[in-house]
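Descriptive structure summary
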Amino acid sequence: MKWVTRKNAHVDRIACPWLIRRFVDREAEFVFVAADQVAAVAAREGAIPFAVESVELGHGGHLGGGHEDKLGLPVHEAPDEP
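The name that an unreviewed UniProt entry assigns to the protein is Chromate resistance protein, with the source organism given as Candidatus Segetimicrobium genomatis.

**Description of the sheet that holds strand β2 (residues 29–33)**
Backbone hydrogen bonds are what pair the strands of a sheet, in a parallel or an antiparallel way. Spatial strand order, β2-β1-β3: 3 strands in an open sheet with parallel pairing. In the strand order of this sheet, the two ends are held by β2 and β3 (48–49), each with one partner. With 5 bridges connecting them, strand β1 (residues 2–6) and β2 associate as parallel partners. Bridge pairing in β2 links V4 to V31. Taken strand by strand, helix α2 (residues 38–45) contacts β1, β2 and β3, and its axis lies near 170 degrees from that of β1.

**Points about the environment of T5**
Mapping T5 onto the fold places it in strand β1. Along the sequence, T5 and A39 sit 34 residues apart, while their C-alpha atoms lie 9.0 Å from each other. A polar side-chain atom of T5 sits 2.7 Å from the main-chain carbonyl oxygen of F50.

**Some thoughts on the side chain of D25**
If you trace the backbone, D25 turns up in the loop between α1 (11–24) and β2. Comment: no salt bridge for buried D25; closest opposite-charge side chain is R21, at 7.2 Å. What D25 contacts, discounting residues up to four positions off in sequence, is M1, W3 and I20.

**A look at the pattern of salt bridges**
Tallied over the entire structure, the rule returns 3 salt bridges. As a salt-bridge pair, E29 and K2 come within 3.9 Å of each other at their nearest N and O atoms. Remark: K2 occurs in strand β1 and E29 occurs in strand β2; sequence separation between them is 27 residues. Here E45 makes a salt bridge to K2, at a shortest N to O gap of 2.6 Å. Taken together, the residues E45 in helix α2 and K2 in strand β1 connect sequence positions 43 residues apart. Connected via shared salt-bridge partners are K2, E29, R44 and E45.

Parameters at a glance
Residues numbered from 1 in each chain as written. Predicted model: local features only at pLDDT ≥ 70, side-chain atom pairs only at ≥ 80, totals over all residues. Heavy atoms only, no water. Pairing = 2+ DSSP bridges. Helix = DSSP H or I, 4+ residues; strand = E, 2+ residues; numbered from the N terminus. Contact = heavy atoms within 4.5 Å. Axes fitted to C-alpha atoms, helices over the stretch in contact; angles between N-to-C directions. Polar contact = N/O pair within 3.5 Å; in protein donor to acceptor, adjacent residues only side chain to side chain. Buried < 20%, exposed > 50% of the residue type's maximum accessible area, 1.4 Å probe, protein only. Lys, Arg positive; Asp, Glu negative; His and termini not counted. Salt bridge = Lys/Arg side-chain N within 4 Å of Asp/Glu carboxyl O.

Below, the structure is given as structure tokens:
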């Protein structure tokens, strides 16, 4: 499966491909494009857009911080502080 996000990756977008390949899609292929091209490339390539505004796996914090359920990963609650 192809995944697409914007180029000039920062730490969160470097971690996202690792998480995806490690836990979701071991055969993942990643495409990094200009931000204004993500939607077009996703549509043309049949890729899943991530870590950009206005997509299901958007940039609302970071991929591991709220998208686990959408990716089929187990969701762990943080323990209460004493």
